[in-house]
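Analysis of the macromolecular model
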Amino acid sequence: MDFEYTDDQDSLREAARALLTKAYGDYGKRRAVTQADPGYSTETWSRLAELGGLGLPFSEEDGGAGAGWIEAAVVAQELGRVVAPEPYVVSVGLAGRLVADAGTAEQRAEVLGAIASGERLVAVAHDEPGRRWSPTAGDTKATQDGEGWTIEGVKEPVVQGGVADLFVVSAVLPEGGTGLFLVEGDASGVERESFPAADGGRVARVTFTAATAVPLGSAGENRTATIATALDTARILAANEAVGIMEVALRMTTEYLKSRKQFGVTLNTFQALTFRAADMYVSLELATSITQWATMVLEDGDAAAISAAARRVALQVSRAGRHIGQEAIQLHGGIGMTAEYAVGAYTTRLTTLDHLFGDGTYALGALADGVGGYDAVDPLS
Amino acid sequence: MDFEYTDDQDSLREAARALLTKAYGDYGKRRAVTQADPGYSTETWSRLAELGGLGLPFSEEDGGAGAGWIEAAVVAQELGRVVAPEPYVVSVGLAGRLVADAGTAEQRAEVLGAIASGERLVAVAHDEPGRRWSPTAGDTKATQDGEGWTIEGVKEPVVQGGVADLFVVSAVLPEGGTGLFLVEGDASGVERESFPAADGGRVARVTFTAATAVPLGSAGENRTATIATALDTARILAANEAVGIMEVALRMTTEYLKSRKQFGVTLNTFQALTFRAADMYVSLELATSITQWATMVLEDGDAAAISAAARRVALQVSRAGRHIGQEAIQLHGGIGMTAEYAVGAYTTRLTTLDHLFGDGTYALGALADGVGGYDAVDPLS
Amino acid sequence: MMDGYVRGARPPAPPPEGRATTLMQLQLSDEDREFRATMREFFTTKVPQEIRDKVAEGRELSKEDIVASQKALNDAGYAVPHWPVQYGGQDWTQLQRHIWNEEMQAASVPPPLAFNTSMIGPVLAQFGSDELKERFLAPTASLDIWWSQGFSEPDAGSDLASLRTRAVKDGDDWVVNGQKTWTTLGQYGDWIFTLVRTDPDVKKQAGISMLLIDMTLPGVEVRPIELIDGGHEVNEVWFTDVRVPGDMLVGEVNQGWTIAKFLLGNERVGVAPVGSTKRNLARAKRLAQESGLLSDPLYAARVAELENELLALELTALRVVANSAEGAPHPASSVLKLKGTVLQQAVSELLVDVAGPQSVGGDGWGARSTPTYLNLRKASIYGGSNEVQRQIIAKTILGL
Amino acid sequence: MMDGYVRGARPPAPPPEGRATTLMQLQLSDEDREFRATMREFFTTKVPQEIRDKVAEGRELSKEDIVASQKALNDAGYAVPHWPVQYGGQDWTQLQRHIWNEEMQAASVPPPLAFNTSMIGPVLAQFGSDELKERFLAPTASLDIWWSQGFSEPDAGSDLASLRTRAVKDGDDWVVNGQKTWTTLGQYGDWIFTLVRTDPDVKKQAGISMLLIDMTLPGVEVRPIELIDGGHEVNEVWFTDVRVPGDMLVGEVNQGWTIAKFLLGNERVGVAPVGSTKRNLARAKRLAQESGLLSDPLYAARVAELENELLALELTALRVVANSAEGAPHPASSVLKLKGTVLQQAVSELLVDVAGPQSVGGDGWGARSTPTYLNLRKASIYGGSNEVQRQIIAKTILGL
């Protein structure tokens, strides 16, 4: 990659774009999909699986495509461009990464294979009420019960938790630390209440009451670091989705300015508006650059490097997403407020992505804490 | 006042404006004054004294005019409008307040009388290298020597310290705490090195070497609270000066946009520029409102209320001053960069005022520290 | 003006509710203090608590809630204080109107329906025939008639003068055809005041009239528009050969542009949503404090900065009040709308950030924060967009 | 392009100087690493320390400093790497040029005089006659001739095409009359390249030519302009009946507009002052750390946010480098100037805040921070103002 994509990556992008344009190129189709449960298209999800898009970062022996995170990022960008409601980042990025990093060989083959084939939807039950983007569990407890384990606690919001076939659940271990478990969606003691999410998807409150759970990987291990890296992975994939969204939100805005007439002339006659579009472009370019860089780090870096990159990209993309999302609606005027017109969904999804894994101020706080530890930030070595 | 000035205050404003327009209405005169030492006009200073402008907040028995801080603020605004280089805020606001609050009756009559009459220029030697807007002294020490006191230490920057007739000096007391002293400008052991300041004035490094000092008020008293209130007073007066500056900087900018032609049309044809002028106006209006309010608090409030008002006005005016100062130059283009044209001096003085007594981030930090202690900010009671 | 204030050297009394601020407050006169106490007492005891709770928590109000609240206000004479006294207004000072508005917002009372009390009511009082006044003013104040606004059209947003809905005289009636849009709460509307083109042959502004239309007439159709927050508060209103009696014309034929300008320029007091934004900011702060987030200096600084800007805005509103006694709005009025909406939006954004992951969806306050944030994007678009406000400031105030 | 990079899974080596960042770095190829080491070694050992100290501390450079530094670069072949090889350029990749520029800025080396190396040099190489190349290119690279720029005029700022300085043919000579302004460092100039009107009767752009003028000729007068920081870096240059030999015309008569566009569009690599801004930000941070200010979370956050934006800008510069191999500038180039100057100014503002009361005046670094901040207001005005950049982005990239 190195700021240029390989031919294979370009082909992947073309294939994904063709598929997604067919599915959602007409925004009305996207709206119809989000209006009905489960808030995404299982058909599109299957097509993405057929394309190989759901197993890109996983090794072939685990049932994946043996490509990498850069390839997954390409798909995330394309999903963003049509603001597709499929739960890609959480299923592939978050759940997939957790299983890939913590699972036994057998679990990896089974779960990652099922993710890659689109056979099973895997959700992550990690967030809890009152907690903010922490890599640890709070009030959800895991208890060892003879040979087996059970989980007790409430998780929310769980993206697509209402229909997930399988959950990766974080829970406090008896000895302390946060463990990871697999819980079947239809296991007894799993109760789920699903809500429409602001972005058109669905989130659930999942209550585990003595629910039967299988440790992910070896039992009783503290997986806080694994969760942290998986959250960082999701942050970087989410940034890629956001870049796709912002690109199209800006294009929609410039098209609107060129076509919409007011006071007898098209809006691009008003310099105050075109200059603001130029500022949106500046935000987009900077966000794109740092996202491409962070994705390279995700592909090749160690956990500390990925963590640093995730913070930096989260800050920049959070700022850019708010700027571009807010201005896209404002420059559209009234029409931008309507659900029938696409641009609002782009802004909404930017807002949701910003808050799923940690917003800009959250990232800035972490960066500020460490700012005294080095002279300057140098991306070349 | 109450957001409207009394007839007396309006008359004072008219008289001050007439005097200052004569002195500096032609910007070339201001430039000539700042190019020669001492960087301000002793003649204009005398005229301000004759007008009664230098003794406004001091009681008549102390030789003042027995008016108040609102009246002093009116003069500060007018000085700002012509970006006059006279050291009004530091002499009347800072030095005067220190003497008024801490001096004996005799000292008040003598020093405040001399300030009010313009007879003596009184400077405050309080800042020290490496210290930021603290109400305490750092490395400057006061020592009792029999009946008398001596001061040892370096103070900088001391506004107009090069020509001051008398210094109010802060120094660490033998028992701890910060005391206040009067030191004659020509006392032995007082060495001063004067530098041109960015804003056209002069600042000095004043070195005290066993310099003879007289305690301000009763000897040995910790005056930290007095200094804090005097600094707050200076902050609020400085905000008034800044409001005068911003008002004219905006007016100069709009005049320029209306008259300057480019590409065959006047600049106000470009909507991107006129909208930015509108945003400057918004900043100005908000800054004006909070400054008027803070001045009422200065007139009537206790030390805690004045402190809170000073922080709030410092934050708002710091933000507004940077916004308006930077945009005023940018909207002027190249001509705004030249010393011959006035607008740069306005921006420069805004920058200096912002840093003399504590900038916006400094004030914000203090406000943020206390933000959990109340529900909402309510200016009416 | 502003003689209601008496500055005093004594330290301010702690506010009746909540913890004291560290701020010195401008002291009201005894009379205005008493007035404020009366308002506070009224708003916090006479308007149903469950309605105020909904407002405080950002939940949606039903039509019944809004009507009940306005009736409570109107019964006490507090629904239309700025109307002429003979039609139910109050002889209050500008400051008292300001206090009324701020206390109402602080108590989470839904403000009286603007279409009724700020828009058509004053228009009828000024331009309406005696018959129209007699028929409409009382039920407009009491919300027995719910008014909708029919100004905007699909191809004439800020450019109102381009409107195309036409009314053609046929006997005594006007026959109306066309389409209006962005009609807020039109689904509840009994009547709609419209701008219609009555003379297509003259300059754009010259051929416009104002017509009152009964929304139950044949040919009137209200179609909801879904907004990006999922709500349906705005509507399209279609008119197909609607026959409107001739006496439903306000003022003269082709006087509509003058009336519209009067209507749009008529909001002076309370144009900035200072009180409700303060309430929402205090709520966001309380929630941040409960979750421990307020101990993060960066969030604390965001709160402090917003509080300071709101203070400056509120003081500006008071300055405008103090300086517009003679009826001419202070030029800073346009600042109130512009900065008011910016801060309103910034506070809603802060609340989303305070909610964090819970803002994504669910059934709690956190999940409601995102739709509210999205909904409030409208604040800088509707009712004279912020671009229009900048234009007004640049042209009218700065002479650019 | 950008084949210089080899991404590797091994952890990055700590940087040779300073403390390591917590950042994963894009790994250079061995060849480019070596290139960078060579550059770093050269810049930090072969350019006089006292000159670099002045740059690092924001002190003013003398003419002699600038000449000495450029001569050191030129002796090593590093003054004009982007020139054609036959005139002293280097056959470097875009990435290597980027590294050269960044290392030069990081080491506080004064960059080669832009008027010589980025402006007139490439113009002469492209449009100059063989005689002009022969006579001027070598001393231009070595700074034996100091060039000034004579483009702007008092009534033609961004609107260059309106220029009025005229050159009239008289025998073999051109007789020049008029006034140029904003001539940076014109007080040191030996020669000045000017745009002059050679045909007043055609469309504005069409009648302009480029003329090289010896500044010692009779009738050339340089008058300093004092700037708001008290410095005299810019000048007016007046021409009164200056007789310029006919062979000092560059290219064809009336080809000046084409040449000017070439010149102005010619800065692609290094157009954003990333390296020097990074150096200044690191310095501000170090000073804040020394004074304890960096432990204030609000200042720490300002530093962190600026660092992040600079990182994003630097990565954008690398992206532009990676995507402009074929000679056509990547559209994002205009972003570099716009955002680059914004960050340059923001860092200078931060330094004033770090200096606090010491920024008001005196003889230390704190007192210098204010004039530097003021001086850098020019960065968003000169060389294509940020308004011009927005215009380019809107028109050229977004098609608005």
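Residues numbered from 1 in each chain as written. Chains lettered and ligands numbered in written order. Predicted model: local features only at pLDDT ≥ 70, side-chain atom pairs only at ≥ 80, totals over all residues. Heavy atoms only, no water.

1. Some words on the nonpolar core
What counts here: In this text, buried Ala, Val, Leu, Ile, Met, Phe, Trp, Tyr and Cys residues form a nonpolar core when linked through side-chain atoms within 4.5 Å. Buried, partly exposed and exposed residues are distinguished by accessible area as a fraction of the type maximum, computed with a 1.4 Å probe on protein chains only: under 20%, between the cut-offs, and over 50%, respectively. What makes two residues a contact is simply this: any of their non-hydrogen atoms within 4.5 Å.
With 441 residues, the main nonpolar core has Leu212 of chain C together with Leu212 of chain D as its most contacted residues. In contact with Leu212 of chain D, other than residues within four places in its own chain, are Ile120, Leu124, Leu132, Phe136, Trp147, Trp191, Ile192, Phe193, Val244, Met248 and Val250 of chain D.

2. Concerning unusual backbone geometry
Peptide bonds are, in most cases, trans, and in most cases residues other than glycine have a negative phi. Here is the rule: Put simply, DSSP H or I for four residues or longer makes a helix, DSSP E for two residues or longer makes a strand, and each gets a number counted from the N terminus.
Cis peptide bonds are those with omega within 30 degrees of zero, and the linkage from Asp37 of chain A to Pro38 of chain A qualifies with 0 degrees. Its location among the elements puts Pro38 of chain A in the loop between helix 2 (27-35) and helix 3 (42-50). The omega torsion across Glu156 of chain A and Pro157 of chain A is -5 degrees, close enough to zero to call that bond cis. One can find Pro157 of chain A in strand 3 (residues 148-159). Even without a glycine there, the phi angle at Gln160 of chain B is positive, about 60 degrees. With respect to the helices and strands, the residue Gln160 of chain B is situated in the loop between strand 3 (148-159) and strand 4 (166-172). Residue class for Gln160 of chain B comes out buried when judged on its relative accessible area of 3%. Phi is positive for Trp182 of chain D, close to 60 degrees, though the residue is something other than glycine. Looking at the secondary structure, you find Trp182 of chain D in the loop between strand 3 (173-180) and strand 4 (191-197).

3. A closer look at the packing of helix 8 (residues 271-300) of chain A against helix 8 (residues 271-300) of chain B
Any two packed helices are characterised by the angle at which their axes cross and by the distance between the axes. This is how it is decided: For every element, the axis is a line fit to its C-alpha atoms; helices are fit only across the contacting stretch, and the angle between N-to-C directions ranges from 0 to 180 degrees. Roughly parallel covers angles under 35 degrees, roughly antiparallel covers those over 145, roughly perpendicular covers 65 to 115, and oblique covers all other angles. Note on residue categories: nonpolar means Ala, Val, Leu, Ile, Met, Phe, Trp, Tyr, Cys or Pro, charged means Asp, Glu, Lys or Arg, and polar means any other residue, Gly included.
Packing of helix 8 of chain A against helix 8 of chain B brings their axes to within 7 Å, and their N-to-C directions diverge by 85 degrees. Classified by the interaxial angle, the pair formed by helix 8 of chain A and helix 8 of chain B is roughly perpendicular. Facing helix 8 of chain A, whose interface residues are Gln271, Ala272, Leu273 and Phe275 of chain A, helix 8 of chain B presents Gln271, Ala272, Leu273 and Phe275 of chain B. Residues of the contact of helix 8 of chain A with helix 8 of chain B, tallied by class, amount to six nonpolar, two polar and no charged.

4. As for the pairing of strand 5 (residues 178-184) of chain B
All names here are of chain B. Definition in use: Strands pair, by our definition, only if DSSP identifies at least two bridges between them.
Burial analysis of strand 5 places six of its seven residues in the buried class, the great majority of the element. Inspection of the sheet shows strand 4 paired to strand 5 by seven bridges, in the antiparallel sense. Looking at the pairing, Val172 lines up with Thr178 of strand 5. Two successive antiparallel strands, strand 4 and strand 5, enclose a turn made up of five residues, where Gly176 displays a positive phi of approximately 95 degrees.

5. Section: the pairing of strand 7 (residues 234-245) of chain C
All names here are of chain C. Inspection of the sheet shows strand 3 (residues 173-184) paired to strand 7 by nine bridges, in the antiparallel sense. By the bridge assignment, Asp173 is partnered in strand 7 with Pro245. By the bridge criterion, six bridges tie strand 6 (residues 220-225) to strand 7 in an arrangement that is antiparallel. Each residue of the ladder has a partner; that of Glu221, found in strand 7, is Trp238.

6. Some words on the UniProt feature "domain: Acyl-CoA dehydrogenase/oxidase N-terminal" (unreviewed entry) in chain C
Rules: UniProt positions are given in the numbering used here, feature names are shortened, and annotations may be inferred rather than shown by experiment.
Annotation from UniProt places "domain: Acyl-CoA dehydrogenase/oxidase N-terminal" (unreviewed entry) at residues 29-142 of chain C. Helix makes up 69% of residues 29-142 of chain C and strand 0%, with an end-to-end C-alpha separation of 31 Å.

7. Some remarks on the confidence of the model for chain C
All names here are of chain C. Worth spelling out the cut-off: Confidence of the predictor in every single residue is expressed as pLDDT, which spans 0 to 100.
The predicted model of chain C has a mean per-residue pLDDT of 88, with 90% of residues at 70 or higher. Counted against residues more than four places away or in other chains, residues 1-23, with its pLDDT under 50, gives 70 contacts. Predicted as a complex, the structure gets a pTM of 0.94 and an ipTM equal to 0.94.

8. Some words on the domain arrangement of chain A
Residues and elements named next belong to chain A. Heads up, the rule is: The split of the chain into domains comes from an automatic or database domain assignment. Throughout, buried area stands for the accessible area (probe radius 1.4 Å) lost by two parts on being put together, summed over both. Just to be clear on terms, a salt bridge is a Lys or Arg side-chain nitrogen sitting within 4 Å of an Asp or Glu carboxyl oxygen. Think of a polar contact as two N or O atoms within 3.5 Å of one another; within protein, one of them needs to be a possible hydrogen donor and the other a possible acceptor, and neighboring residues in sequence only count if both atoms come from side chains.
Domain assignment breaks chain A into domain 1 (7-120), domain 2 (123-220) and domain 3 (224-371). Facing the 13 residues of domain 2 at the interface are 15 residues of domain 3. Summed over both sides, the interface of domain 2 with domain 3 buries roughly 1100 Å², with 67% coming from carbon and sulfur. Of all residues in domain 2, Trp133, Pro135 and Asp199 bury the most surface against domain 3, accounting for 60% of the area lost on that side. For Asp199, the salt bridge goes to Arg349, with nearest N and O atoms at 2.8 Å. Inspection of the region where domain 2 meets domain 3 yields four residue pairs in polar contact (both at pLDDT 80 or more). Residue composition of the side of domain 2 that touches domain 3, by class: five nonpolar, five polar and three charged.

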